Protein chains: 2
Amino acid sequence: MVGVGMIGGSIALAAKSCGAAKSVIGIGRAAQRLEQAHRCGIIDEGFVDLAAGVRRAELVVFCTPVDRIAAGVREAAGSCQNGALITDAGSVKACIANELASGLPRGVEFVGSHPLAGSEQQGFQHADGRLFENKMCVVTPLATSSRVAVDRIAAFWEALGSKVVEMSPEAHDAALAETSHLPHLTAAALAATLSSENRPLAASGFRDTTRIASGDPDLWTAIFLGNRDSVLASLTKYDGLLAEFRRAIEHGDARRLQELLAAAKANREGNGLQ
Amino acid sequence: MVGVGMIGGSIALAAKSCGAAKSVIGIGRAAQRLEQAHRCGIIDEGFVDLAAGVRRAELVVFCTPVDRIAAGVREAAGSCQNGALITDAGSVKACIANELASGLPRGVEFVGSHPLAGSEQQGFQHADGRLFENKMCVVTPLATSSRVAVDRIAAFWEALGSKVVEMSPEAHDAALAETSHLPHLTAAALAATLSSENRPLAASGFRDTTRIASGDPDLWTAIFLGNRDSVLASLTKYDGLLAEFRRAIEHGDARRLQELLAAAKANREGNGLQ
């Protein structure tokens, strides 16, 4: 487990409890944090040195910010044993796939993953061994990935309780721009809009609509820049819809506004989101 | 209680349980629904005729869509007993205040209210007698309101467990445009943006960010048009912030993007919203 935060800690707990891992090695930059994670029973051993930490691993999972995954995978691959498999939990996939397109040392494979689970909370103290149960996990093979490697990664997430869907890194990024990255952007802009004098009047609607804006700014900067084109395309689509709402309000067009609101509601609920 | 839906039903339950009302008369358009609300113990009596329903009331609370409140209040006032007080629970206040500026029959007063509680759910079956506990309630006196009437309305909401703040109808509308109406608009536009093929990949972030977009389209059409100028002003402010995020992403400006995200997070959390 490279990066023992909320996601890394949750994968560690889940993998141990379902038997997908006999032992979990945590690799991180702060020895003290690793020691705490060990005392909390989240990891069995901690290493600050990546090469040393991955040496005995059968499966290496990168849970670091997306802009550090590709370089980390390449570095780790040089120290992994033959037959080791590497995956990640990052929210963007194509830039990582491109950086790793030239291949890894023989006997080591990388297959990307993105478990659609998490929260705005940070740190292993928020880890939850049941976080992945009944959640989707997108597995994004490289063009060079072997079937056996992809199947092993899919089986890992299924063991943690997730439903696995396979997509290309590019298709993943286009879809997630719309379902995850755009919502983060609109939530952050909304949170930024709030004037301090109006804060006492912000109620549950505001709270929920902006919840994800409490996510880690560094993580999300890397996600937006790692998926720039798709995020901008989704933002343009959103801007167009928001402009339609604006026009209906400007024109006092009740019928059009009602149609737009009803279509939005139906689109949301068509998703089974209640 | 004029309008026995989620809010009207919740006020009825809360007022009975805290002793603020000895008996609750429900007034609605559908006799069958009133009968159901009666059987559920939400109201003590039901009337489809407004004049007949308000005749014995000491306090009349309008929980109807905002575009029907002012006319309803005027009609009810003609049938109320001397000393009766009328309030509402609508999300916009200035247009109602303006329509009622010419005054009501002697002996009957209207003071607007907006309890900042609720959800996207509709119907008295979702009523909750503790909905108003520890919530804000904005009370918006008219220029002609007597102190005693304003104090009685404030005391009513305090009895239901709310914290009352007094504002002018205009100040309320400007503030709520930012804290409630704009979030609804951005959530609806976001819900509308989702492509059907990406629906399976929408997770908890998307769900929460668009939750309020499941609100009643008719109610919200009336709110947006009833508070048109303030909603458009808030939307313009939001558009400006969203454009700043866009520019930072377009330019690949990690430092600026990180600053914007950190400011949004801090602004949200400065509100005590976790």
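Conventions and cut-offs
Numbers given to residues run from 1 along each chain, matching the order in which its sequence is written. Starting at A for chains and at 1 for ligands, labels are handed out in the order in which the entities are written. The predicted origin of the model limits local features to residues at a pLDDT of at least 70 and limits the giving and counting of side-chain atom pairs to 80 or more, whereas totals for whole chains, interfaces and linings rest on all residues. Under the DSSP-based scheme used, a helix requires at least four consecutive residues in state H or I and a strand at least two consecutive residues in state E, with every element numbered from the N terminus. The quantity called the radius of gyration is restricted to C-alpha atoms. Its globule counterpart is 2.2 Å times the number of residues to the power 0.38. Residue burial here comes from a neighbour count, namely the number of other C-beta atoms, placed from the backbone, that lie within 10 Å of the residue's own C-beta, with 20 or more meaning buried, 12 or fewer meaning exposed, and in between meaning partly exposed. With C-beta atoms placed from the backbone, a contact is any residue pair whose C-beta atoms sit within 7 Å. Paired strands, as defined in this entry, are two strands with at least two bridges between them according to DSSP. Handedness of a crossover: with both strands directed away from the viewer, a clockwise path from the first strand across the helix to the second marks it as right-handed. Only the stretch in contact is used when fitting a helix axis, every axis being a line fitted to C-alpha atoms; angles between N-to-C directions are given from 0 to 180 degrees. Put simply, Ala, Val, Leu, Ile, Met, Phe, Trp, Tyr, Cys and Pro go in the nonpolar bin, Asp, Glu, Lys and Arg in the charged bin, and everything else, Gly too, in the polar bin. Our superposition of the copies is a least-squares fit, built on the C-alpha atoms of residues whose pLDDT is at least 70 in both. Domain borders in the structure are assigned automatically or taken from a domain database. Each nonpolar core consists of buried Ala, Val, Leu, Ile, Met, Phe, Trp, Tyr and Cys residues. Their C-beta atoms, within 7 Å, join them into a set. The arc in question is the one spanned by the directions pointing from the helix axis to the C-beta atoms.

Asker: Help me out: how do you make sense of the overall build of chain A in this one?
Answerer: The number of helices and strands found in chain A is eleven helices and eight strands. For chain A, whose C-alpha radius of gyration is 21 Å, the value lies close to the compact-globule estimate of 19 Å for 274 residues. With the principal axes as the frame, chain A shows a C-alpha extent of 65 × 40 × 30 Å. Across the 274 residues that make up chain A, the buried fraction comes to 55%. In chain A, of all internal contacts separated by at least 6 residues, the share reaching a separation of at least 24 is 71%.

Asker: In this structure, what is going on with unusual backbone geometry? I would like to understand it.
Answerer: The general pattern is negative phi for most residues beyond glycine and trans for most peptide bonds. Residues and elements named next belong to chain A. Unlike most non-glycine residues, Asn 134 shows phi in positive territory, near 60°. Relative to the elements of secondary structure, Asn 134 occurs in the loop between β6 (112-115) and β7 (136-140). By the C-beta count within 10 Å, which is 9 here, Asn 134 ends up exposed.

Asker: Explain the pairing of strand β4 (residues 85-88) of chain B here, please?
Answerer: Regular strands place their side chains on alternate faces of the sheet. All names here are of chain B. Of the two faces of β4, the one carrying Leu 85 and Thr 87 and the one carrying Ile 86 and Asp 88 are both buried. As paired elements, strand β3 (residues 59-62) and β4 share four bridges and run parallel to each other. Bridging across to β4, Leu 59 finds its partner in Leu 85. Since β3 and β4 lie parallel, the crossover through helix α4 (residues 69-77) that links them has a hand, and here it is right-handed.

Asker: Can you walk me through the pairing of strand β8 (residues 163-166) of chain A in this structure?
Answerer: Residues and elements named next belong to chain A. Both β7 and β8 contribute to a ladder of four bridges, which runs parallel. Bridged to Val 139 within β8 is Glu 166. You can see the chain leave β7, run along helix α6 (residues 147-159) and come back into β8, and the turn it takes is right-handed.

Asker: Would you mind showing me how to read the sheet that holds strand β3 (residues 59-62) of chain A here?
Answerer: The pairing of strands in a sheet comes from backbone hydrogen bonds and takes either a parallel or an antiparallel form. All names here are of chain A. The parallel open sheet is built from three strands, whose spatial order is β3-β4-β5. Among the strands making up the open sheet, the edge pair consists of β3 and β5 (109-110). Across two bridges, strand β4 (residues 85-88) lies against β5 in parallel orientation. Bridge pairing in β5 places Ile 86 opposite Phe 110. Lying over the sheet, α6 contacts β3, β4 and β5, oriented at roughly 55° with respect to β4.

Asker: Please explain the interface of chain B and chain A as it appears in this structure.
Answerer: Interfaces are often sized by the accessible area lost when the parts come together. Listed as interface residues are 73 residues of chain B and, on the opposing side, 73 residues of chain A. Secondary-structure elements contributing two or more residues to the side of chain B that touches chain A are α7 (169-193), α8 (204-209), α9 (217-226), α10 (228-250) and α11 (254-269) of chain B. Residue contributions to the side of chain B that touches chain A peak at 17 residues, all from α7(B). Split into classes, the residues belonging to the side of chain B that touches chain A amount to 42 nonpolar, 18 polar and 13 charged.

Asker: How do you make sense of the relation of the copies chain B and chain A when you look at a structure like this?
Answerer: These two copies of the chain differ by a rotation about an axis and a displacement along the same axis. Mapping chain B onto chain A calls for a screw motion: a turn of 180° about the axis and a shift of 0.0 Å along it, with 0.0 Å RMSD after fitting. This pairing of chains is accounted for by a two-fold axis. Of the C-alpha atoms belonging to chain B, the one lying closest to the rotation axis is found on B:Thr209, 2.0 Å away. Looking at chain B, 100% of its interface residues are interface residues in chain A too, so the copies touch through the same face.

Asker: Mind showing me how you'd approach the sheet that holds strand β6 (residues 112-115) of chain B here?
Answerer: All names here are of chain B. Ordered in space as β6-β7-β8, the three strands form an open sheet in which the pairing is mixed. Strands with a single pairing partner mark the edges of an open sheet, and in this sheet they are β6 and β8 (163-166). Sheet twist, expressed as the average angle between the axes of neighbouring strands with direction ignored, equals 25°. Contacts from helix α6 (residues 147-159) reach β6, β7 (136-140) and β8 within the one sheet, and its direction differs from that of β7 by about 165°.

Asker: What's the story with the environment of B:Phe47 in this structure? I'm lost.
Answerer: Residues and elements named next belong to chain B. Looking at the secondary structure, you find Phe 47 in strand β2 (residues 45-47). According to the C-beta neighbour criterion, Phe 47 is partly exposed, with 18 such atoms within 10 Å. Along the chain, Phe 47 and His 251 lie 204 residues apart, while their C-alpha atoms are 62 Å from each other. Other than its neighbours up to four places away in sequence, Phe 47 contacts Ile 25, Ile 27, Ala 52 and Gly 53.

Asker: In this structure, what is going on with the domain arrangement of chain A? I would like to understand it.
Answerer: All names here are of chain A. Its domain assignment divides chain A into domain 1 (6-167) and domain 2 (172-269). Centre-to-centre separation of domain 1 and domain 2, based on C-alpha positions: 30 Å. The interface of domain 1 with domain 2 comprises 14 residues on the first partner and 15 residues on the second. Elements supplying a minimum of two residues to the side of domain 1 that touches domain 2: α5 (94-99) and β7. Across the side of domain 1 that touches domain 2, the residue classes break down as seven nonpolar, four polar and three charged.

Asker: Would you mind showing me how to read the nonpolar core here?
Answerer: Nonpolar side chains tend to gather and get buried jointly when the protein is soluble and globular. With 186 residues, the main nonpolar core has A:Met1, A:Val60, A:Ala188, B:Met1, B:Val60 and B:Ala188 as its most contacted residues. Every residue in contact with B:Met1, bar those within four places of it in the chain, is listed here: B:Gly8, B:Ile11, B:Ala12, B:Val24, B:Ile25, B:Gly26, B:Ile27, B:Ile43, B:Val61 and B:Cys63.

Asker: Looking at this structure, I do not really get the environment of A:Phe132. What am I missing?
Answerer: Residue and element names in this part refer to chain A. Looking at the element boundaries, Phe 132 is found in the loop between β6 and β7. Classification of Phe 132 by C-beta neighbours within 10 Å gives buried; the count is 27. Spatially, the C-alpha atoms of Phe 132 and Gly 9 are 12 Å apart, while their sequence positions differ by 123 residues.

Asker: I tried to follow helix α4 (residues 69-77) of chain A on my own but got confused; where do I start?
Answerer: Residues and elements named next belong to chain A. Among the residues of α4, those classed as buried are Ile 69, Ala 70, Gly 72, Val 73, Ala 76 and Ala 77. What you see down the axis of α4 is that its buried residues fit within an arc of 165°, all on one side. Where α4 is buried, its residues meet α3 (50-54), β3, β4, α5 and β5.

Asker: In this structure, what is going on with the environment of B:Thr144? I would like to understand it.
Answerer: All names here are of chain B. Residue position: Thr 144 is located in the loop between β7 and α6. Judged by C-beta crowding, with 14 C-beta atoms within 10 Å, Thr 144 ranks as partly exposed. Separated by 90 residues in sequence, Thr 144 and Val 54 place their C-alpha atoms 22 Å apart.

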